[in-house]
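# Results of the structural survey
Here are the chains, one letter per residue:
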Amino acid sequence: MSSAAHPAAQPPVRRKPLLAVLLAPLFMALVAVSVINVALTAIGESLDASSGGLQWVISGYALAFGMLLVPAGRAGDATGRRRMLVIGIGIFTLGSLLSGFAPSVEILNVSRILQGIGSGLLNPQTVGLIQQHFRGQARARAFAFLATTVAVATAVGPVIGGLLIQILGPDQGWRWMFFMNVPIGVLAILGAFHYLPDDRASRTGRRADLDPVGTILLSVAILCIMLPFLERGVNALIWLAFPVGLLLVGLWWGWEQRYKRIGRPPMVDPAIFANKAFRNGILIVSVYFLGSTSIWIIVPLYLQMHLDHTAFEASLLGLPSAMAAAVSSQIAGRYVLALGRRMVIYGFAVALAGLGGTALLVGPVESGAISFWLLAVPLTLMGLSNGMTISPNQTLTLNSVDPRYGGVAGGILQLGQRVGAALGTAMIPGVIFSLTESGTEWLEAFMIALVVIMVLTVIAMGVSIHDRAREKAQPGAL
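Residues numbered from 1 in each chain as written. Predicted model: local features only at pLDDT ≥ 70, side-chain atom pairs only at ≥ 80, totals over all residues. Heavy atoms only, no water.

## Describing the overall build of the protein chain
When helices and strands are counted, the protein chain shows 17 helices and zero strands. The C-alpha atoms of the protein chain give 22 Å as radius of gyration, which agrees with the globular expectation for 478 residues (23 Å, within 12%). Its C-alpha atoms give the protein chain principal-axis dimensions of about 70 × 55 × 45 Å. Relative to its 478 residues, the protein chain shows a buried fraction of 54%. Long-range pairs, those at least 24 residues apart, make up 82% of the contacts in the protein chain between residues at least 6 apart in sequence. In the form shown here, the protein chain has an accessible surface area of approximately 19900 Å², with 69% of it arising from carbon and sulfur atoms. Where the 31 positive side-chain charges of the protein chain centre and where its 21 negative ones centre are 19 Å apart. (Helix = DSSP H or I, 4+ residues; strand = E, 2+ residues; numbered from the N terminus. Rg over C-alpha atoms; globule rule 2.2 N^0.38 Å. Buried < 20%, exposed > 50% of the residue type's maximum accessible area, 1.4 Å probe, protein only. Contact = heavy atoms within 4.5 Å. Areas by Shrake-Rupley, 256 points an atom, 1.4 Å probe, with all protein chains shown as cover. Lys, Arg positive; Asp, Glu negative; His and termini not counted. Charge placed at Lys NZ, Arg CZ, Asp CG, Glu CD.)

Given below as structure tokens:
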């Protein structure tokens, strides 16, 4: 599965406009995730929605997105990434339009699922097309711009949402959060046809084998694994879905191996996991997302539920971190190929410093000795860490994979992020709530949650150090 083993000449492309075409819909999809958190109250009042209905505004999107990442990556690899990208942007744009016009929370949730489907289809194509058309340092820079796009979209989403609600009012403000995606989507589709080469598979008179059984098994498995963490407050019985999901993963794995043995192309070639660099990269990002993403949930919870600060104040506290991630991603993109896994290890060290600094300052903040705004300093280190770990890990992990399988490899990598984030954002706040409800003080519960995140960061760092040892053992390693 090595990229070096299958060199393939690519037609010349204009890389800068191509990258802009790829990142515009990605930015749109990411803003759709981050903007919704500040809109839930306005949506609830406008549509007279229950808390369960509002929960599905988030969960429906996340589940549809996660289920499609790997199958969509495989479909793009096999049939043409440009076509899948355009279909994904089109479905996302349609979902945005319907969301803006939604007369009820039920229609809004169906429209959000459409958005999730579109986002799940387009995201793996972005990674696959970068793999296909960029090499070496150019690829590292492209992934750095992708990481910067993620950071900026995450930061500006809540700000855009707050401004729209402030200017247009609660009812129209949240609707224009969705409407603003429509012109971006249309321009992205036009740009895709203009700047992306037509890479449809050659017509042989036979349809591409997309392994429908494997696709269904994995999609249902992901649904069962993620659902309890996204809908954990509904019914305790929903947790039975988790072991069912693990069983389905086992069945899927057996099916993929059998499919390959009989000479058919599996959705995911099991040989890809024999690649140690790829396997370690998936594990690193999954464990890191298990802990790191939850810091941006527990800090606002602590500030708002315990110290009575506003949601707007809590959101502003994260802006310096997001900007730091945008800048450090660009710097890391320049040096990742030279430093290899050392870059990721340094990033985890910075994350541990940020978590430790937060732990040191939270006590004085609690007592009122210092302003809560000073928490922005160690939290900014978390942003620097994101730029030094996520994009470099993606570059190093996917560099070991043949670009022909870039879509499915990117889908697996992003699935690891999504599952890690889903589990972490349920587990870490769950630690705080279970402790405070049993009588533990908020400060102590918050500190314990920080320690859990630090332990997960150390585990991810340990896997990175192990992979660095593998890296050093290779001929020509630095």
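## Considering the environment of Val 408
You can see Val 408 is positioned in helix 16 (residues 406–437). With 280 residues separating them along the chain, Val 408 and Gly 128 place their C-alpha atoms 7.7 Å apart. Each residue touching Val 408, except ones within four places of it in the same chain, is listed here: Val 70, Gly 73, Arg 74, Asp 77, Met 267 and Val 268.

## A closer look at unusual backbone geometry
Even without being a glycine, Asp 48 presents a positive backbone phi close to 50°. For Asp 48, the location among the structural elements is in the loop between helix 2 (36–47) and helix 3 (51–79). For Asp 48, a relative accessible area of 72% puts it in the exposed group. Phi angles above zero are rare outside glycine, and Asp 308 is one such case at about 65°. Considering the arrangement of structural elements, one finds Asp 308 in the loop between helix 11 (295–306) and helix 12 (311–317).

## Observations concerning the nonpolar core
One finds Val 70, Leu 85, Ile 130, Val 268 and Phe 278 to be the most contacted residues of the largest nonpolar core, which totals 59 residues. Not counting residues within four places of it along the chain, the set of residues in contact with Phe 278 comprises Ile 272, Phe 273, Thr 397, Leu 398, Ser 400, Val 401, Ala 409 and Ile 412. Core analysis: the second largest hydrophobic core is formed by 41 residues, Ile 295, Phe 372, Leu 379 and Ile 453 among them. (Core = buried A, V, L, I, M, F, W, Y, C linked by side-chain atoms within 4.5 Å.)

## A word on the side chain of Thr 148
Structurally, Thr 148 can be placed in helix 6 (residues 136–179). Side chain to side chain, Thr 148 and Gln 330 meet in a polar contact 2.8 Å long. Apart from residues lying up to four places away in sequence, Thr 148 is in contact with Ala 326, Ser 329 and Gln 330. (Polar contact = N/O pair within 3.5 Å; in protein donor to acceptor, adjacent residues only side chain to side chain.)

## Comments concerning the pattern of salt bridges
For the structure on display, the rule yields seven salt bridges. Salt-bridge contacts for Asp 77 lead to Arg 81; the nearest nitrogen and oxygen are separated by 2.7 Å. The salt bridge involving Asp 467 is made with Arg 341; its shortest N-O contact spans 2.7 Å. Of this pair, Asp 467 sits in helix 17 (residues 442–472) while Arg 341 is found in helix 14 (residues 341–367), placing the two residues 126 residues apart along the sequence. Taken together, the shared-partner salt bridges connect Arg 341, Asp 467 and Arg 470 into one network. (Salt bridge = Lys/Arg side-chain N within 4 Å of Asp/Glu carboxyl O.)

## Examining the packing of helix 3 against helix 8 (residues 212–230)
The N-to-C vectors of helix 3 and helix 8 enclose an angle of 150°; their axes lie 9 Å apart at closest approach. Comparing the axis directions of helix 3 and helix 8 gives the class roughly antiparallel. Relative to helix 8, the crossing made by helix 3 is right-handed. Counting all contacts with helix 3, which are made through Gln 55, Trp 56, Ser 59, Ala 62, Leu 63, Gly 66, Met 67, Val 70 and Pro 71, the residues of helix 8 involved are Thr 215, Leu 218, Ser 219, Ile 222, Leu 223, Met 226, Leu 227 and Leu 230. Grouping the amino acids of the contact of helix 3 with helix 8 by side-chain chemistry returns twelve nonpolar, five polar and no charged. (Axes fitted to C-alpha atoms, helices over the stretch in contact; angles between N-to-C directions. Parallel < 35°, antiparallel > 145°, perpendicular 65-115°, else oblique. Left-handed = near helix turned anticlockwise from the far one by under 90°. Nonpolar A, V, L, I, M, F, W, Y, C, P; charged D, E, K, R; others polar.)

## Some words on the packing of helix 10 (residues 276–292) against helix 17
Between helix 10 and helix 17, the least distance of the axes is 8 Å, while the angle of their chain directions is 165°. Comparing the axis directions of helix 10 and helix 17 gives the class roughly antiparallel. The handedness of the crossing between helix 10 and helix 17 is left-handed. From helix 10, Lys 276, Ala 277, Asn 280, Leu 283, Ile 284, Val 287, Tyr 288, Leu 290, Gly 291 and Ser 292 reach across to helix 17, where they touch Ile 453, Leu 456, Thr 457, Ile 459, Ala 460, Val 463, Ser 464, His 466, Asp 467 and Arg 470. Residues belonging to the contact of helix 10 with helix 17 are distributed by class as follows: eleven nonpolar, six polar and three charged.

## Details of the packing of aromatic side chains
Scanning all chains against the criterion turns up 14 aromatic pairs. In textbook terms, an aromatic cluster arises when at least three aromatic residues are bridged by ring pairs, as seen for Trp 252, Trp 253, Phe 273 and Phe 278. (Phe/Tyr/Trp six-rings, centres within 6.5 Å; stacked < 30°, edge-to-face > 60°.)

## Looking at a nonpolar patch on the surface
Together, Val 159, Leu 163, Ile 167, Leu 168 and Trp 176 give the surface a local cluster of nonpolar side chains, amounting to about 480 Å² of exposed area. The residue Trp 176 is located in helix 6 in this model. (Patch = residues over 30% accessible without salt bridge, like charges linked within 9 Å, V, L, I, M, F, W, Y side chains within 5 Å.)

## A look at the environment of Arg 404
Mapped onto the secondary structure, Arg 404 falls in the loop between helix 15 (376–399) and helix 16. Taking the relative accessible area as the measure of exposure, Arg 404 reaches 42% and is therefore partly exposed. For the pair Arg 404 and Gly 76, spaced 328 residues apart in sequence, the C-alpha to C-alpha distance is 9.9 Å.

## Overview of the environment of Gly 169
Among the structural elements, Gly 169 can be located in helix 6. Of the residues examined, Gly 169 reaches a relative accessible area of 17% and is grouped as buried. Along the sequence, Gly 169 and Ala 42 sit 127 residues apart, while their C-alpha atoms lie 8.9 Å from each other.

## Side note on the side chain of Arg 82
Inspection of the secondary structure puts Arg 82 in helix 4 (residues 81–101). The contacts of Arg 82, once residues within four sequence positions are left out, are Ala 192, Phe 193, Leu 196, Pro 197, Asp 198 and Asp 199.

## Some details on helix 6
In this model helix 6 runs just 38 Å from its N-terminal to its C-terminal C-alpha over 44 residues, more than 12% under the 64 Å that 1.5 Å per residue would give. Along its length, helix 6 reaches its greatest deviation from straightness, about 135°, at Gly 169, and the proline Pro 170 lies no more than four positions downstream. (Expected span 1.5 Å × (residues − 1). Bend = angle between axes of the 7 residues up to and from the residue.)

Function cannot be read off these values alone, since they describe shape.
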